[in-house]
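# Coordinate inspection notes
One letter stands for each residue in the lines below.
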Amino acid sequence: MKLKLKLFSLCFALTGVWISHAQDMLVATKVSQRASITQRIGTTDVTVVYHSPYAKQRTIFGGIVPYDFVVDGVEYPWRAGSNQNTTVEFTHDVKIQGQPLAKGKYGLHIFVKENEWVFIFSKNSENWGSFSYKKEEDALRVTATPSISPYQENLRYEFNDLQPQSAHLELKWSTVSCGVEISVDVNANVLADLKVKEEKTVDDYVKIAQLTVAVDPSKVAEALSYVDKSLEIGAEFRNTMLKSQLLAQQGKNAESKKYEDQALSLGKGFPYFYYYPLSFMLLEGDMQKTYELLSEMLQKEPNNWIANLAMGEYYIKAKDQEKATFHFGKAYEYAGERSKNYTRYMYLSNKLILEQ
C-alpha cells in the first residue's frame, strides 16, 4: 500500500512538472510576445513590461478595445496590452501628469473613451490582465488625450520628448497613440539615496548639504549640520569653504570669513584650482571674480595644469579662442599621465577651432 502511495505521489509530481513545462511552452508560442522597455529619467529608472498583440486588420479602439466599457455601474478597463498585467515600475517617487506617485511596481490599466483615456496605476501588479481589476486598489488615475499617429501593427510603448527631468511614455497601436508625462525631482531623489547610504564619506555629506539647500533654500541650518559631519571626518577645502558660504547666507559674516581663510589655507587639487574659481562664473555669473581668482592662482603657480584648464574654460566663456587654446595647451603640457588624454583632447579640439 505504501509503495502504491509513493508511486502515485511520484506520478503526480511528474505530471505537475510536465504541465508546468507545457504551460511554459504555450506561453513561448503566444502570438503576443513579451516585451519590455526601460528609460532612465534623471536618476530614476522607469520600466514597462507588457505583451504586444498585433492589429491584424481589426478595428482596435472602439472595436476589440471598446469605448466606455461600463456594465451595471462597474468599469472594465483595458489591460494596456495582452496576457498578464502590463506593469510599470519606478525606482524613485515620480509625478504622472503632474500628480505624485510613490516609487514601486504598478499594474497598468486604461479606461478607453473615444476622446479621452484614463491611465490607471493599480497597487496590484500580479493580476492576469484586467479581469480581476478592482477600483479600490487604484494608486493613481490620470487622463490623457489620444491622437492619430502613423500606423503601428503591433502594440508598443515608447519614451519620447526626453528631458533632463521628464519624459513622455507613449502607447502606440494601429493608428492611435496616447501617453502620459513622467517627471522626477533629481535633486530630491539623489538626496534621498544619499541619506539612506550607510557609510557616508566627506563627498557624501558635502553633496547632502548642497542638495538640502538646493531643494529647500530655507534649510541652511540643516545643511550646516551635514557639513559639520563631513568636517568630523576631515577638514578639506571643499567642506570648509561650503561652511563659509552657508554661514554667509545666515548673515554670520565674521565667522564666514574665518572659515574662508581656513579653506584657502587648505586649498589644493581639483576642487580648489578648478571648481572653486569657476563656481563664481557658472553659479553666480561673476566673470570678473573668476578671472581675478585664476590670475592670482597662475601668478603663484604658472605651471599648475588644473588652474590652466580652468582658465581655458574661462576664456571660452569670454569668447577668446586664442587665449583659451593657449591655456589648454599649458594644461596639456603640465598635466600628469592620468590627465594627459583629456587635456590633449581639450587642447587639440580648441586648436582646431582656432585654426578654422
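Scroll up to find the structure.
Only a predicted model underlies this, so the values are computations on that prediction, with no experimental measurement involved.

Moving on, we come to the packing of helix H3 (residues 202-215) against helix H4 (residues 220-233). Between H3 and H4, whose axes approach to 8 Å, the crossing angle comes to 170°. When the axes of H3 and H4 are compared, the pair comes out roughly antiparallel. Of H4, the residues touching H3 (which contributes Val202, Tyr205, Val206, Ile208, Ala209, Thr212 and Val213) are Val220, Glu222, Ala223, Tyr226, Val227, Lys229, Ser230 and Ile233. Residues belonging to the contact of H3 with H4 are distributed by class as follows: eleven nonpolar, two polar and two charged.

Summed over the entire model, instances satisfying the criterion amount to 22 aromatic pairs. Plain terms: the ring middles of tyrosine 272 and tyrosine 276 are 6.1 Å apart, the flat faces sit at 15° to each other, and that makes the pair stacked. Here tyrosine 272 and its partner tyrosine 276 are both found in helix H7 (residues 269-282), four residues apart, which amounts to about one turn of the helix. In this structure, tyrosine 272 and tyrosine 276 share a single accessibility class: buried. Summarising the aromatic geometry, the rings of tyrosine 332 and tyrosine 347 are spaced 6.2 Å apart at their centres and angled 20° between planes, so their arrangement reads as stacked. Pair noted here: tyrosine 332 is in helix H10 (residues 321-334) and tyrosine 347 is in helix H11 (residues 340-355), with a separation of 15 residues, a long-range link. Of the residues examined, tyrosine 347 reaches a relative accessible area of 22% and is grouped as partly exposed. Cluster of aromatic residues (ring-pair linked, three or more members): Phe61, Trp78, Trp117, Phe119 and Trp173. Between the NZ or CZ atom of lysine 289 and the centre of the ring of phenylalanine 280, over which it lies, the distance is 5.5 Å. When the ring centre of tyrosine 332 is taken as origin, the NZ or CZ atom of lysine 340, which lies over that ring, is 4.8 Å away.

Here the focus is the packing of helix H9 (residues 305-317) against H10. Relative orientation of the contacting elements H9 and H10 amounts to 160°, with a least axis distance of 8 Å. As summarised for this structure, H9 and H10 are arranged roughly antiparallel, according to the angle between their axes. For the element pair H9 and H10, the recorded crossing hand is left-handed. Facing H9, whose interface residues are Trp305, Asn308, Leu309, Met311, Gly312, Glu313, Tyr315 and Ile316, H10 presents Lys323, Ala324, His327, Phe328, Lys330, Ala331 and Tyr334.

What follows deals with unusual backbone geometry. Unlike most non-glycine residues, aspartate 161 shows phi in positive territory, near 50°. With respect to the element layout, aspartate 161 can be found in strand E11 (residues 147-163). Phi at lysine 319 takes a positive value of approximately 60°, unusual for a residue other than glycine. Summarising the element assignment, lysine 319 is placed in the loop between H9 and H10. Its relative accessible area of 76% is what places lysine 319 among the exposed residues.

Turning to H10, a few remarks are in order. When the terminal C-alpha atoms of H10 are compared, their 20 Å separation across 14 residues agrees well with the 20 Å that a helix rising 1.5 Å per residue should span. Along H10, the positions that sit buried rather than exposed are Ala324, Thr325, His327, Phe328, Gly329 and Ala331. Here the buried face of H10 lies against helix H8 (287-300), H9 and H11.

Definitions and cut-offs
- Residues numbered from 1 in each chain as written.
- Predicted model: local features only at pLDDT ≥ 70, side-chain atom pairs only at ≥ 80, totals over all residues.
- Heavy atoms only, no water.
- Axes fitted to C-alpha atoms, helices over the stretch in contact; angles between N-to-C directions.
- Helix = DSSP H or I, 4+ residues; strand = E, 2+ residues; numbered from the N terminus.
- Parallel < 35°, antiparallel > 145°, perpendicular 65-115°, else oblique.
- Contact = heavy atoms within 4.5 Å.
- Nonpolar A, V, L, I, M, F, W, Y, C, P; charged D, E, K, R; others polar.
- Phe/Tyr/Trp six-rings, centres within 6.5 Å; stacked < 30°, edge-to-face > 60°.
- Buried < 20%, exposed > 50% of the residue type's maximum accessible area, 1.4 Å probe, protein only.
- Lys NZ or Arg CZ within 6 Å of the ring centre and 35° of its normal.
- Left-handed = near helix turned anticlockwise from the far one by under 90°.
- Expected span 1.5 Å × (residues − 1).

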